[in-house]
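Breakdown of the fold
Given next are the chains, with one letter for each unit.
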Amino acid sequence: MADDKQGTPLAEAVARDYRTVALVLQGGGALGAYQAGVVEALEEVQLRPDWIAGISIGALNAAIIAGNPPERRVERLRDFWDTICRVSPWPPVALPAALDARHWPLVLQNGLSGLAAWSALIQGQPGFFRPRLPPPFLQAQATPATASWYDTTPLRGTLERLVDFDRLNDARAMRVSVGAVNVKSGNFVYFDNTRQRLGPEHFMASGALPPGFPAVEIDGEYYWDGGVVSNTPLYRVLTEQPQRDMLVFQVDLWSAQGELPHDMPGVAERSKEIQYSSRTRLMTEYMHESRRRQRLLQDVLALVPPERRADPAYRQAECEANGALVNLVHLIYRDKPYEGHYKDYEFSAASMHGHWRSGLADMRHTLAHPKWLAAPTAEQPFVTHDVHQE
């Protein structure tokens, strides 16, 4: 169980209805501050997950959350995002912290946002990544760990400063799962604190998006960002065995739905949205139908006479049946009008605060409808809710 899950009436109701509360965090670079806002809203009602799964920036947020006591998680998330969204010391090119859509003309916002993204490409971001020197095409002896445009060594220091890895590896307090891809085999893997001790390298591997960031070595194997294969760990959470009644907060940073592009920047942005919105919608639809059939199979098995239940076919069917109830609450970051195709590497403080506020508002609005968090029924064992649709 999570640290002190009970507290507010809402948290107590959730604890009664579900065996597991999971927080699933998609990748999306600078957009990840939206997830921090979601966590702040959950903490306001003391609704604390006991399983957190993330990929890429979602994995980095997961490390901060799981590696700190509940009362310090929001503070540490702010420290993390303030650190990686600071202005580089040379030269001072970045989006002004005071930028807000309510106070600046849209065309100016767009221009300054693009300038901040350009700054990240040229200078890197403090506490996160820096340009690799010498660059990869000038290296005399290149290795898998140096074949990238940027060096992520600063990120290790940031994680070591902000994360208590002893706490993070206490799976009794919170389960942690982060996804990555084995570069050599191409296989998707999950690092999980119920199976191994996790360190900074596991979270860095989950966020090692090529060719910008280098592969990370773990036990002699090299890993890239899990988003190369799938940008959400939702499948991992929903197919867990043994299955149990579960409330899942799926926090996505890319929307599968969008506008038809009319220019090349729009094409770049829309293609990235489709690519990184990944399998969330497909997985949700698949699991909805799968759970319906599994529940039906369980009901059919209940009709089998006791004397026939030793039959191997019954035993096999019993393993396939599933009566667990799942409530999937889906939150998706919605683009700001000034953002372009570079929004995932636009690390200005102003945009970060805007993303954070959006996550906070969306989660508060969701929590204001307690019926959305109520347990599903046996007739509808898998239900979904989306604050933007409902």
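Small disclaimer: the values here were computed from a predicted structure and weren't measured.

**Quick notes on the layout of surface pockets**
In this structure, the largest pocket occupies an estimated 610 Å³ of space. Lining of the largest pocket is provided by 32 residues; of these, Gly-29, Leu-209, Phe-213, Asp-344 and Tyr-345 occupy positions nearest its centre. At the level of elements, α3 (57-66), α5 (106-123), α8 (200-206) and α10 (264-277) are the ones that each hand at least two residues to the lining of the largest pocket. When its volume is computed, the second largest pocket comes out at roughly 450 Å³. Around the second largest pocket sit 20 residues that line it, and Arg-281, His-330, Ile-332, Asp-386 and Gln-389 are the ones nearest its centre. When contributions to the lining of the second largest pocket are tallied by element, the ones reaching two or more residues are α11 (280-301), β10 (326-332) and β11 (382-386). Of the residues belonging to the lining of the second largest pocket, the class tally is four nonpolar, ten polar and six charged.

**Side note on the UniProt feature "active site" (unreviewed entry) in the protein chain**
Mapped onto this structure's residue numbering, the UniProt feature "active site" (unreviewed entry) falls at Ser-56 and Asp-225. For this annotated set, covering 170 residues, all C-alpha atoms fall within 5.9 Å of each other, a compact arrangement in space. Taking the annotated residues in turn, Ser-56 and Asp-225 line the largest pocket. Note on placement: Ser-56 falls in the loop between β2 (51-54) and α3. For Ser-56, the contacting residues outside a window of four places in its chain are Gly-27, Ser-206, Gly-207 and Asp-225. Considering the arrangement of structural elements, one finds Asp-225 in strand β8 (residues 221-225). A relative accessible area of 2% means that Asp-225 is categorised as buried. With residues up to four places along the chain from it excluded, the contact list for Asp-225 reads Ile-55, Ser-56, Ala-180, Val-181, Ala-205, Ser-206, Gly-207, Ala-208 and Leu-209. For Asp-225, the side chain forms a polar contact with the side chain of Ser-56, separated by 2.7 Å.

**Observations concerning α3**
Across the ten residues that make up α3, a large majority, ten, are buried. All buried positions along α3 are accounted for by Ile-57, Gly-58, Ala-59, Leu-60, Asn-61, Ala-62, Ala-63, Ile-64, Ile-65 and Ala-66.

**A few points about the environment of Trp-81**
With respect to the secondary-structure elements, Trp-81 resides in helix α4 (residues 73-84). Assessed through its relative accessible area of 0%, Trp-81 is described here as buried. C-alpha separation for the pair Trp-81 and Leu-367, spaced 286 residues apart in sequence, amounts to 24 Å. Apart from the residues within four sequence positions on either side, Trp-81 is in contact with Gly-29, Ala-30, Gly-32, Ala-33, Ala-36, Ile-57, Asn-61, Phe-347, Met-352 and Trp-356.

**Examining the environment of Val-176**
For Val-176, the position within the fold is in strand β5 (residues 175-182). Among the residues examined, Val-176 registers a relative accessible area of 0% and is labelled buried. Separated by 18 residues in the primary sequence, Val-176 and Thr-158 place their C-alpha atoms 19 Å from one another. Setting aside residues no more than four positions away along its own chain, Val-176 makes contact with Trp-51, Ile-52, Ala-66, Leu-168, Phe-191, Asp-192, Asn-193, Leu-198 and Phe-203.

**A closer look at unusual backbone geometry**
Here the residue pair Leu-133 and Pro-134 is connected by a cis peptide bond, since its omega of -5° sits within 30 degrees of zero. Turning to its location among the elements, Pro-134 is positioned in the loop between β3 (130-131) and β4 (150-151). Omega for the bond connecting Pro-210 with Pro-211 falls within 30 degrees of zero, at -5°, which places this linkage in the cis form. Within the secondary structure, Pro-211 is located in the loop between α8 and β7 (216-218). With a phi close to 60°, Ser-56 is a non-glycine residue in the positive phi region.

**Some details on the pairing of strand β6 (residues 188-192)**
In terms of strand pairing, β5 meets β6 through five bridges, oriented antiparallel. Opposite Ala-180, over in β6, you have Val-189 as the bridge partner.

**Brief notes about the nonpolar core**
One finds Trp-81, Leu-159, Phe-203 and Phe-249 to be the most contacted residues of the largest nonpolar core, which totals 72 residues. Tallying contributions element by element places α3 first for this core, with eight residues.

**Concerning the packing of α3 against helix α6 (residues 153-162)**
Interhelical geometry of α3 versus α6 gives an angle of 25° and a closest axis separation of 9 Å. Between α3 and α6, the angle is such that the two are roughly parallel. Residue-level inspection shows Leu-60, Ala-63 and Ile-64 of α3 in contact with α6, the latter providing Leu-155, Leu-159 and Leu-162. A breakdown of the residues in the contact of α3 with α6 according to their chemical character gives six nonpolar, no polar and no charged.

**Here's the deal with the pairing of β8**
Bridge count for β5 against β8 is three bridges, and the pairing is antiparallel. Paired with Val-181 across the two strands is Trp-224, which belongs to β8. Relative to β8, β7 runs antiparallel, the two being bridged by three bridges. Paired with Ile-218 across the strands is Glu-221, a residue of β8. Counting the residues in the hairpin turn of β7 and β8 gives two residues, including Asp-219, whose phi is positive at 55°.

**Here's the deal with the packing of aromatic side chains**
One pass over the structure, following the stated rule, counts 14 aromatic pairs. Taken together, a centroid distance of 5.7 Å and an interplanar angle of 55° make the contact between Phe-128 and Phe-213 tilted. Here Phe-213 lies in the loop between α8 and β7 and Phe-128 lies in the loop between α5 and β3, a separation of 85 residues in the sequence. No difference in accessibility class separates Phe-128 from Phe-213, as the two residues are buried. The ring centre of Trp-356 lies 4.3 Å from the NZ or CZ of Arg-78, which sits over that ring. Of note, Arg-175 hangs over the ring of Trp-51, and the distance from its end group to the ring centre comes to 4.2 Å.

What counts and how
- Residues numbered from 1 in each chain as written.
- Predicted model: local features only at pLDDT ≥ 70, side-chain atom pairs only at ≥ 80, totals over all residues.
- Heavy atoms only, no water.
- 1 Å grid on protein atoms, 1.4 Å probe; cavity = no way out; pocket = protein on both sides within 12 Å on 5 of 7 lines; lining within 4 Å.
- Points joined across faces, edges and corners; volume = space filled by probe spheres on them.
- Helix = DSSP H or I, 4+ residues; strand = E, 2+ residues; numbered from the N terminus.
- Nonpolar A, V, L, I, M, F, W, Y, C, P; charged D, E, K, R; others polar.
- UniProt positions renumbered as here; feature names shortened; annotations may be inferred.
- Contact = heavy atoms within 4.5 Å.
- Buried < 20%, exposed > 50% of the residue type's maximum accessible area, 1.4 Å probe, protein only.
- Polar contact = N/O pair within 3.5 Å; in protein donor to acceptor, adjacent residues only side chain to side chain.
- Pairing = 2+ DSSP bridges.
- Core = buried A, V, L, I, M, F, W, Y, C linked by side-chain atoms within 4.5 Å.
- Axes fitted to C-alpha atoms, helices over the stretch in contact; angles between N-to-C directions.
- Parallel < 35°, antiparallel > 145°, perpendicular 65-115°, else oblique.
- Phe/Tyr/Trp six-rings, centres within 6.5 Å; stacked < 30°, edge-to-face > 60°.
- Lys NZ or Arg CZ within 6 Å of the ring centre and 35° of its normal.

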